[in-house]
Structure formats: C-alpha cells, structure tokens
Amino acid sequence: MAEERPAKWGLVVDLDRCTGCNACIVACALENNVPFVGEDEVAYGRALYWIRTQRYWEGEYPEVTPTFQPVMCQQCGNAPCEPVCPVYASVHSEEEQINLAVYNRCVGTRYCANNCPYFARVFNWFDYELPEPMRSYLNPDVTVRRRGVMEKCTFCVQRIVRGRQKARAEGRELRDGEVQPACVQACPAEALVFGDLSDPESRVSQLARSQRRYHLLEALGTLPRVTYLKGVGNHGG
Amino acid sequence: MSEKISRRDFLKLTAMGAATTAVMTGCGPMSRYVVRRPYTQMPEYNQTGESTYYASTCRECPAGCGIIVRTREGRALTIEGNPNHPVNRGRLCARGLTAQQGLYNPDRIRAPRFQGRSNPATPGRDLTWDEAVQVVATALQKPPQRIAFLLGLAPDHLYDLVSELTQALGAPPPLRYNALAALEGRTTLIEAVRRLFGSPALPYFDLAQAEVTLAFGADFLQSWLSPVTYTRAYGAMRQGNPRRRGELIVFEPRQSLTAGNADRWVPIVPGSEAHVVLALGQRVAELRGLPVPEAFRAVRPEEAAQVSGLPLEQLETLAQTFATATRPLALVGGSALTQPNGLVTAQAVLALNALVGNLGQPGGVFLSAAAATPTPLAEVKALVERMQAGEVDVLFIHGVNPLFEVPAALGFEAALARVPLVINFAAFPDETALKSDYLFPDHSPLESFGYQRSLAGSDRPAWSALQPVVVPLYDTRATVDVLLAAAQASGQALLPYRDEVDFIQQKILPLINAGGFYTAPEILTFWSRWLQHGGWWTPAAGLPTPTLERLPASFGTLTPPTPPAEGAFYLLTYANHLGDGSGANRPWLQELPDAMTTVTWNSWVEIHPRTAEELGLKDDDVVRITTPYGSVEASVYRYPAIRPDTLAIPFGQGHTALGRWAEGRGCNPAQVLPAGHNAAGDLAFIGTTATLTPTGRRRPLARVESKEGVYGEH
Ligand code: SF4
Ligand code: SF4
Ligand code: SF4
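Being a predicted model, the structure only gives us computed values, none of them experimental. (Residues numbered from 1 in each chain as written. Chains lettered and ligands numbered in written order. Predicted model: local features only at pLDDT ≥ 70, side-chain atom pairs only at ≥ 80, totals over all residues. Heavy atoms only, no water.)

Here's the deal with the overall build of chain A
Next up, step 1: The helix and strand inventory of chain A stands at 6 helices and 10 strands.
Next up, step 2: Here the C-alpha atoms of chain A give a radius of gyration of 18 Å, agreeing with the 18 Å that 2.2 N^0.38 yields for 237 residues.
Next up, step 3: Projecting the C-alpha coordinates of chain A onto the three principal axes gives extents of approximately 50 × 50 × 40 Å.
Next up, step 4: When each of the 237 residues of chain A is scored for burial, the buried share is 59%.
Next up, step 5: In chain A, once contacts between residues fewer than 6 apart in sequence are set aside, the share between residues at least 24 apart is 65%.
Next up, step 6: Accessible area of chain A: about 10,300 Å², with a carbon and sulfur share of 50%.
Next up, step 7: Of the charged side chains in chain A, 27 are positive and 29 negative; the average position of the first set lies 2 Å away from that of the second. (Helix = DSSP H or I, 4+ residues; strand = E, 2+ residues; numbered from the N terminus. Rg over C-alpha atoms; globule rule 2.2 N^0.38 Å. Buried < 20%, exposed > 50% of the residue type's maximum accessible area, 1.4 Å probe, protein only. Contact = heavy atoms within 4.5 Å. Areas by Shrake-Rupley, 256 points an atom, 1.4 Å probe, with all protein chains shown as cover. Lys, Arg positive; Asp, Glu negative; His and termini not counted. Charge placed at Lys NZ, Arg CZ, Asp CG, Glu CD.)

Right, dumping it as structure tokens:
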C-alpha cells in the first residue's frame, strides 16, 4: 500500500456565497449529537452551538444590512486553548493535525474557553436527556457528552477517520472532496469547502489562495486552519 | 403475510433481471414487504457497525429535495442531501436536516383512535385498523357531494390517488392548502403563468446565470418555492459566473433573509409593488427602444413614485440598471403577491421578463416540467361555507392543520364543529387533530413510500421517490392503503390498485419509456432503480420555454394601498425556518436562531428602532397587536431593517397543540390575519393595518446575538 501523506485539513468559508441560512448549525448538531438546551438556557447564554452565525447590522435605514459570518473552531495551528488545559483534554491530534476535545479527560476547569479568542468552545452545564425514542437518532460515531464537559467543533473528525479507513481498505488515497464535515455537506450555497491544504491542487487550497482571503484575528498568531473569503459589495466580511 | 421476503432475497431476485421477466411480473409488489427492523431484531442485510443508506425525498416542505438517510442497526441517524438529485444536488435546508426529530418525536400519534370530540359521554378509545378501515368505508358511502377531502401540498401520490377516488365516487375533487404556499403567493404565481403563458405551471427562474436580478418580495433564500435550489443558484450567481458577479436588488417593506443578502434593499410601501413594476416596465421598454405595452401604461411614473415612496430618480436608475443588463431577471413572490394587487404584480413581473427577452434564455424564465396544483384560500372559504351550511357529512384531512394555518377569521373552527364526521390522518396531535372524530395516523415520511412530481426547483423533468428508511415505529398505516382497503370494503370496484406500492408502480410505469437516465425492461427492475436513485429524471437539463402570444391590454384593476390611520401600522407575517408551523415540534428548529433576529424558541414583533423609541418601547417589552380580526401578544424586537410604518410577526409559533416543544410558545399571526383573497383566490393580507398597545410586561427573548445571554441585560 502506498505510503500515506498526512493531510492538513482546512476549511474555506466564502462569505460572498454564505446567506446566513443556518443550515450548517443544524447539520452539525445532528451529526455530532449536540443537545438542544431549551429557551431558558439559550437565554442564559448556554446554548451549545458548535458553529454559529455571527450576525451584525451595518449601516443606517434604509441602507442597513446584516453581515453573516459562520464561526466554528478555527483549528488553530498554534492553539491558545491547548497549553492552559491542566489535564491535556484540549490537545492536538498527530494524525489529523487538528485540535481535539478529549471528553473523558475534561474536568471542566473551562480555562480553554477563557483562552479561546473565537468563542468556539461551549460548556455542557447539564445533562440534557432525550425522551424516548429520540435517542434512536444519536450518531454512534460520536461520544454523547454529559455535564461538566467542554465541547466544540472537531472538523467532524469521525468523518475524516471513516473516509481514511475506507480509502485504506481500498488501497488508495483519499480523493479531494471525499471527506466533508456535516456543515460543508449541507450548506445550500456551497459557501463551505473542506479539504487537504497540503495538496496545492485541492479545491480548498485553490480557494485559500484567493485574493479575498483573511483569517479571523490574524494578529494573534493563532494560525487558523479556517480561511474566510471576503464578501463583495455591501455585505459580508 | 406469506409474501414477506427479505431485502436480500429481493435484491437477488431483481438481480436476475430480464431473463426472469415473465415470472417476475406476476409476483406482485414484493418489495412492499421488505422489512426494516430496529436493531433489537436486526435484519440480516444489516451488519453491526456498518451504515446503510437509503435515497428518499424530504417532505418537510413541498419543494421535494432528494435525501439520503444514513441508517445503522435499523435506526435513521442523519439526513444528507442526494448529490444527484436535480432539485438540491446534495444540499439541504435546516428543516430537511431535522426530519428525524419528526420520526422519533415522542408526541406522535401511535395508533388509530376514536376521540369523543364534543361529547364527554363518549370517551375516546384506541381502535384496530380493521375497525378504522370499516369507518372509512362507511364514510365513503355517504352521498358523494357531501364528502370533502382537504389535503396538504405533500405528498403528491396521495393527492393523485384521492383525485382518482373522488372522481370514481363522483365527489368534489380534493382541495389542497398549505400556509407556506399561501405566504409565498404560489396560487397567484400559477394563475399569472396560466394567463400569460397558457399552462398552470410554476415558473423556474435561472438565477444562477442572471446578472442583474430584481426580486419583488420573493424570499427565495428561506421559504419561496424551493429554497435549496435557489440558495445554490444564489451562490453560483455571486461567485460562479466567470464574467461578472451577479447583482441582486430586492423590493419589500421588511428585509427578509433574501433582501438582507441583496446589494440593495428598496423598502417600498406594502401594496405598491404593482405600481413600481408597471412604472419600471414602461421605462425599461423605452430604454430598450420597444413600444410600451398597453398593460404597463396603467400608472404614470409620478403616481408610482408617490404611492410607493420611491423617488422618481431612483426608479429611473433602477430601470436603467435593469434595461442595460446583459442578463436581467425579475422574480416575484411572497409579500408582492399576497395582497389585493397580487395578480397584477405577478403578471407584470412575468411580462417584464418577456420585455427584456429572457424567456427560455440562460439566466431567464422557464416553466416547470410538471403542472402545479393551486392552493387557493378562496376554495377553502367555499368549503367552510358548505360546512357551515351543513352540506358536508364527512371531512377527510391529511397533511394540513387548518385550525392553525388558515386565518382564524375564516371561521374554520366553528364550521368544523358542524361536520358530523371528521377523519384526520395526522401523524401528530395538532390543533385540528384534537378537534377530529377519528385519528388514523399515517406513517412518518421516513417510513413511507410515495412520490413528489411537482418539483418547482428541478431544471429538468423529474419525479422524486419516497421509500421507508426504517420499519414503522408504531401502529400507523399508509393513508393510501387505508383508502384503498376502504374503497374495496365498501363493495364498489372503485380503484384498480392492490395497495400503495402497486398504485405507485402503475403511476410510474410510463416513465420506463420517457427517456430517463436509467430504464429497465420491466417494472420490478425499474422500481428497484427508482428506489436506489431516489426518483427518476432525464439525463440532460431542459425545461419548456414559456411563449407569450400577446399581452392582455390590462393586468387587472389596481388599488393603491390605503395608508394606516394615525397610530396604526401595516402588519405583515412571513415564513422563516419554521415554515408553515408544522416544524415547530422539532426541538432543533426551535433552538435554531432565526437568521435575521437570532431569536430562538419564541415569537416576536419586529418594530423599527425609531418607531420603538417614539413609543417608548424597548426590546422584550410585551405588546398587543390588534387588527379587526383579533389580537396577539409578543415581545418587541427592535428590527433595523423594516419600514418605520410596518410591523412584522414571523409565522409558525403559537401552537396550542402539536406536542411538548411546540405548545404554548409565541403567538400565531393567523389569529389576526384577514380572510380576504386576491383575484387569483390567494390569501391577501398585505395592507392589513394593526394597532399596538404596550401591556407593561416584559418577556426576554432568547437571542443568540448576545453571546453572554440576555437574562443579564435587565
Ligand atoms: S449553511 Fe452555508 S449559507 Fe447557510 S449559514 Fe452556513 S455557511 Fe452560510
Ligand atoms: S478556535 Fe479556539 S477552540 Fe479552536 S483551536 Fe483555536 S483556540 Fe482552540
Ligand atoms: S427545501 Fe423543503 S424539501 Fe428541501 S430540504 Fe428544505 S424542507 Fe426539505
């Protein structure tokens, strides 16, 4: 079997395509067993969205317009959430080279969330029971977290692993676009593109070289793996 | 059932293919009895830890997107898009993605039931399906003119079957109604297409290739016709055209998600859309050196400017942008149609497209391949009158919740009480189900066979297939099967179908020779491919080109909007991701922030911040909104992108039934809407005015725009 090249997974968010429809949020939640918390907990700021759309209003009536920016864990190459965790629950994975949350190590100090400049990490304050038979739809590939645990976007690592195993079993390399996180797969505007940044020909690499590219809070030096493409015209970016 | 065979045997049988054709065709619909079991009784084709994927069709709205459901050990896990499906090409919207929360919803109706509707002396009780079939059979023997069917917009195969059944009985044809279709003005659009182009179809707009698009009220990114199709097209329009980035200009009084993404939002007076389109059309014709058609002369530009509040110079600039564009396109829907002038607006916009010569052109207007059924409120109104007059002995209801979706002013509830027998096939205990005599629950869409053949978003002739992805969880039964069994039991030879699958197979039989991307020598092999691919469509894109013989001299009478009285406001409602309100029992749709306001789990009233300030209102103040038809209460959301003289309330909340996640939150704008309709028979509510009274109470809205939560704010 051919020697495998470690992939450098990356995501591009094209804000000129993104409409702010939020399909990505739901796709993520149902793939990753993210619990819904109910009206009160949302109002306390305890909703568990792994990806959210930041909506800001710009301009004055009638030239007012919302800007939409989907934000998930930026998978920092130099991740501020990692060194502060006393139990190594926020770690970099060797194989996928992304930042993972190890739920059964997490003791809930929440230092990592304080240190994440992107508000990407969410804390499970309670056990959110699903009434029967709702548990039937839980994805067996993803741990169901309980209370007291920090959680966040993993680039759908379970899908990366599944794709890699399939390719290995078939004795070939992964094809560009074969692995898609749930948000990318659902996005009706095709605003999200995922792939291997170490392959200069992949779609994600090509887009990440666009003149419209930027990173969130670039000055912090976190080296995010998520690249945004500026909206054009009077909205986005 | 002796015919039961496992899926594996079935696949083996069909794999034998053409050689066994003669034998196979005599076998009957064996695939009907393919069973899918929960993991406790795992079917043999299922391997622990391996996913099985089934292609089907989303039924969360009428668009009919293709889905692939990932199942494991007999459970449906995630809903993914079908990458080959012509409507959505692998993409989905928030509603489609939460369909499993409908399937596994704990509040489903689990067995056929009789309810003591009005008489407490007759307690409700569970029934067997044999009893249920008998009830339906007896009901079908009533005088045909006194039988009525009220259906939703999905699924099409049930509508087709009921159409045949009512015809065989000599009963009136089934009626369809759906709040989403009413809010998007679907019937008006169909009628406008019929008047101008001669066939009652929905138009298909090639947004992806358009370069300058004017949209009049069509919220195509969230609810209009086929949101996934048009969101994909929107993405391509922005970044997929190598020549230039497409431009979008939206005219509507309240900024929808679509207007929020536009390059320019033009907040004209509600009800003045027709005036604006006609004035634009005149200038566009002149600028293009064409004679101005008579119908466009119905208003003078000055008058349009005055009525709409859009200055003449801006009207001129817009006309020039449109007239000089290489690929101009004009869309119409929603608030531009659901008003007294709706049919004028719809025809004028279609004619505007004809003026710039984009009919059948890339970036232009086409006709959907299949005929579309209108869903006029006017006919629901006629039905209500018949019910009131005691002319309806039995009412069958499926896929629609009139006590929630139809404006309360129509008096459906009182009329329903006058119908001696109401049989409801609802899957959930919704408002109407609770007021019905019999509940004969249909399967959940993910447990059902069926098809959707009216696909507004398909760029080619297509049918979308439904198949069960799990074995039915409860003692529910396909409504088609119940009706067929009842038709048989009633002793008349009404319909030539053995069961639902037999019916569907007979309906799709002509597709074998219709030039699809696959075919088969006989129906059983064709059927297995139909299920495998999730439907049937042609290999190449292509839709009929509309032809315009001659424009009428007039599009109809034009009524200028009446400005609200002192202290009153225009009131409008719109569909967000909760759609027609049937999605309100999906907890993740409740938890999902509204795209524009980020509010979750509740209703709100949108008020321009300046107006709110004048009235001394802050966010979260509870206000009462009163129209001549009723009143509702909701918290204030100061919405910067709405006209200062307009209020808006989203549709979909305010359930008094429908289960634990839907009940008792927010308000239902159908309580305050008028029951009037426009010339096409569609609900007409734009132009309704309302007054606003503070209640002195506050109720914080769970908004996600505040990352720290909102409870700390007060
Ligand atoms: S699904 Fe796509 S278009 Fe919708 S909000 Fe997410 S990124 Fe934007
Ligand atoms: S975005 Fe936040 S959670 Fe994600 S890797 Fe960076 S610091 Fe850690
Ligand atoms: S647009 Fe309609 S059919 Fe398509 S995924 Fe959404 S709810 Fe389903």
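Notes on the overall build of chain B
Next up, step 1: In terms of regular secondary structure, chain B is built from 23 helices and 27 strands.
Next up, step 2: Taking 27 Å as the expected radius of gyration for a compact globule of 714 residues, we find that chain B reaches 26 Å, a close match to that expectation.
Next up, step 3: Oriented by its inertia axes, the alpha-carbon framework of chain B measures out at about 75 × 60 × 55 Å.
Next up, step 4: Taken across its 714 residues, chain B has 67% of its residues classed as buried.
Next up, step 5: In chain B, the proportion of contacts linking residues at least 24 apart, taken out of those at least 6 apart, comes to 72%.
Next up, step 6: Counting only carbon and sulfur atoms, one obtains 51% of the accessible surface of chain B, whose full area is about 23,300 Å².
Next up, step 7: Distance from the positive charge centre (61 side chains) to the negative charge centre (65 side chains) of chain B: 3 Å.

Let's talk about the interface of chain B and chain A
Next up, step 1: Across the contact, 75 residues belong to chain B and 63 residues belong to chain A.
Next up, step 2: When the two sides are added together, the surface that chain B and chain A hide from each other amounts to roughly 5,700 Å², 57% of it contributed by carbon and sulfur.
Next up, step 3: Summed over the shared surface of chain B and chain A, the result is 9 salt bridges.
Next up, step 4: Put simply, Arg-159 of chain A and Glu-80 of chain B hold a salt bridge, and the shortest N to O gap is 3.5 Å.
Next up, step 5: The tally of links between chain B and chain A comes to 29 residue pairs in polar contact (both at pLDDT 80 or more).
Next up, step 6: In terms of residue count, helix H9 (residues 227–239) of chain B provides more of the side of chain B that touches chain A than any other element does, 8 residues in total. (Buried area = accessible area lost by both parts, 1.4 Å probe. Salt bridge = Lys/Arg side-chain N within 4 Å of Asp/Glu carboxyl O. Polar contact = N/O pair within 3.5 Å; in protein donor to acceptor, adjacent residues only side chain to side chain.)

Some remarks on the domain arrangement of chain B
Residue and element names in this part refer to chain B.
Next up, step 1: When its domains are assigned, chain B resolves into domain 1 (1–35), domain 2 (113–179 + 374–439), domain 3 (182–368) and domain 4 (568–711).
Next up, step 2: Taken over C-alpha atoms, the centre of domain 2 sits 29 Å from the centre of domain 4.
Next up, step 3: Contact with domain 2, which involves 21 residues of that partner, is made by 25 residues of domain 4.
Next up, step 4: In this assembly, domain 2 packs against domain 4 so that about 1,600 Å² is buried in total across both faces, 63% of it on carbon and sulfur atoms.
Next up, step 5: The interface formed by domain 2 and domain 4 contains 9 residue pairs in polar contact (both at pLDDT 80 or more).
Next up, step 6: Contributing elements (two or more residues each) for the side of domain 2 that touches domain 4: helix H15 (377–388), helix H16 (402–405) and helix H18 (431–434).
Next up, step 7: Considering every element that reaches the side of domain 2 that touches domain 4, the biggest residue donor is H15, with 3 residues.
Next up, step 8: Counted by class, the side of domain 2 that touches domain 4 contains 14 nonpolar, 3 polar and 4 charged residues. (Domains from an automatic or database assignment. Nonpolar A, V, L, I, M, F, W, Y, C, P; charged D, E, K, R; others polar.)

Let's talk about the site of ligand 3
Residue and element names in this part refer to chain B.
Next up, step 1: Surveying the vicinity of ligand 3 reveals the residues Cys-58, Glu-60, Cys-61, Ala-63, Gly-64, Cys-65, Leu-92, Cys-93, Arg-95, Gly-96, Pro-227 and Val-228.
Next up, step 2: Given that more than half its atoms are within 2 Å of the pocket grid, ligand 3 belongs to the second largest cavity.
Next up, step 3: Within the residue set of the shell around ligand 3, elements represented by two or more residues are helix H3 (94–97) and H9. (Near = heavy atom within 4 Å. 1 Å grid on protein atoms, 1.4 Å probe; cavity = no way out; pocket = protein on both sides within 12 Å on 5 of 7 lines; lining within 4 Å. Sits in = over half its atoms within 2 Å of the grid points.)

What about the pattern of salt bridges?
Next up, step 1: Counted by the stated rule, this structure contains 53 salt bridges over all chains.
Next up, step 2: Among the ionic pairs, Asp-16 of chain A bridges to Arg-245 of chain B, the shortest N-O distance being 2.7 Å. Of this pair, Asp-16 of chain A sits in the loop between strand E1 (9–14) and helix H1 (23–31) while Arg-245 of chain B sits in the loop between H9 and strand E10 (247–251), placing the two residues on different chains. Each member of the pair, Asp-16 of chain A as well as Arg-245 of chain B, is classed as buried.

So, the sheet that holds strand E18 (residues 462–466) of chain B
Residues and elements named next belong to chain B.
Next up, step 1: Within the open sheet, the 3 strands sit side by side as E17-E18-E19. Their pairing is antiparallel. The open sheet has two free edges, formed respectively by strand E17 (450–452) and strand E19 (535–537), since each of these has just one partner strand. Strand after strand, the sheet turns through a mean of 20° between neighbouring axes, direction not considered.
Next up, step 2: When E18 meets E19, the two strands line up antiparallel, connected through 3 bridges. Across the sheet, Ser-464 pairs through a bridge with Gly-535, a residue of E19.
Next up, step 3: Relative to the sheet, helix H20 (residues 500–508) contacts E17 and E18, its axis offset from that of E17 by approximately 40°.
Next up, step 4: Along the sheet, helix H21 (residues 523–533) contacts E17, E18 and E19; its crossing angle with E19, the most-contacted strand, is approximately 95°. (Pairing = 2+ DSSP bridges. Axes fitted to C-alpha atoms, helices over the stretch in contact; angles between N-to-C directions.)

Details of the layout of surface pockets
Next up, step 1: In this structure, the largest pocket spans a volume of roughly 950 Å³.
Next up, step 2: Lining the largest pocket are 31 residues, and of these Arg-162, Glu-178, Val-179 and Gln-180 of chain A together with Tyr-53 of chain B lie nearest its centre.
Next up, step 3: Of all elements in the fold, only helix H4 (157–169), helix H5 (182–186) and strand E8 (192–196) of chain A together with strand E2 (66–72) and strand E3 (75–81) of chain B reach the threshold of two or more residues within the lining of the largest pocket.
Next up, step 4: Looking at the lining of the largest pocket, the element that brings in the most residues is H4 of chain A, giving 5 residues.
Next up, step 5: Within the lining of the largest pocket, the residues separate by chemical class into 8 nonpolar, 9 polar and 14 charged. (Points joined across faces, edges and corners; volume = space filled by probe spheres on them.)

Quick look at H15 of chain B
Next up, step 1: Counted at 1.5 Å a residue, the expected span for H15 of chain B with its 12 residues is 16 Å, and the 16 Å between its end C-alpha atoms agrees.
Next up, step 2: Among the structural elements, strand E6 (147–151), strand E7 (175–176), strand E14 (394–398) and helix H17 (412–417) of chain B are those in contact with the buried residues of H15 of chain B. (Expected span 1.5 Å × (residues − 1).)

A look at the sheet that holds E10 of chain B
Residues and elements named next belong to chain B.
Next up, step 1: Within the open sheet, the 4 strands sit side by side as E11-E10-E9-E12. Their pairing is parallel. Every other strand in the sheet has two partners, leaving strand E11 (264–266) and strand E12 (328–332) as the edge strands with one partner each. Across the sheet, the axes of successive neighbouring strands diverge by a mean angle of 15°, strand direction being ignored.
Next up, step 2: Bridge count between strand E9 (residues 212–216) and E12: 5 bridges; the pairing is parallel. Residue pairing across strands places Leu-214 opposite Ala-330, the latter belonging to E12.
Next up, step 3: Across the face of the sheet, helix H14 (residues 342–355) comes into contact with E9 and E12 while running at roughly 165° to E12.

Some details on the pairing of E9 of chain B
All names here are of chain B.
Next up, step 1: When you tally the buried positions in E9, you get 5 out of 5 residues, the bulk of the element.
Next up, step 2: Neither face of E9 is open: one carries Val-212, Leu-214 and Phe-216, the other Thr-213 and Ala-215, and all of them are buried.
Next up, step 3: Taken together, the 5 bridges between E9 and E10 define a ladder with parallel strand orientation. Across the sheet, Val-212 pairs through a bridge with Glu-247, a residue of E10.
Next up, step 4: Crossover connection from E9 via H9 to parallel E10: handedness right-handed. (Right-handed = clockwise from strand over helix to strand, strands pointing away.)

Looking at the side chain of Gln-69 of chain A
All names here are of chain A.
Next up, step 1: With respect to the element layout, Gln-69 can be found in strand E3 (residues 65–71).
Next up, step 2: At 2.7 Å, the side chain of Gln-69 and the side chain of Tyr-214 are in polar contact.
Next up, step 3: When residues no more than four places from it in sequence are discounted, the contact partners of Gln-69 are Leu-15, Arg-52, Thr-53, Gln-54, Tyr-214, Leu-216 and Tyr-228.

As for the site of ligand 2
Next up, step 1: Taken together, Cys-73, Gln-74, Cys-76, Ala-79, Pro-80, Cys-81, Asn-99, Cys-116, Tyr-118, Arg-121 and Lys-152 of chain A make up the full set of residues adjacent to ligand 2.
Next up, step 2: Split by residue class, the shell around ligand 2 holds 7 nonpolar, 2 polar and 2 charged.

Topic: the packing of helix H11 (residues 273–287) of chain B against helix H13 (residues 312–324) of chain B
All names here are of chain B.
Next up, step 1: Two elements in contact, H11 and H13, have axes whose closest approach is 9 Å; the angle formed by their N-to-C orientations is 55°. It follows from the interaxial angle that H11 and H13 lie oblique. For the element pair H11 and H13, the recorded crossing hand is right-handed. On H13, the residues that touch Val-276, Ala-279, Leu-280, Arg-283, Val-284 and Leu-287 of H11 are Leu-315, Glu-316, Leu-318, Ala-319, Gln-320, Phe-322 and Ala-323. (Parallel < 35°, antiparallel > 145°, perpendicular 65-115°, else oblique. Left-handed = near helix turned anticlockwise from the far one by under 90°.)

Description of H11 of chain B
Residue and element names in this part refer to chain B.
Next up, step 1: The end-to-end C-alpha distance of H11, which contains 15 residues, comes to 21 Å, matching closely the 21 Å that a straight helix rising 1.5 Å per residue would cover.
Next up, step 2: Of all 15 residues in H11, 12 are buried, a share of seventy percent or more.
Next up, step 3: Within the span of H11, buried status applies to Glu-273, Ala-274, His-275, Val-276, Val-277, Leu-278, Ala-279, Leu-280, Gly-281, Gln-282, Val-284 and Ala-285.
Next up, step 4: Downstream of H11 by one or two residues, Gly-289 has phi in the positive range, about 70°.

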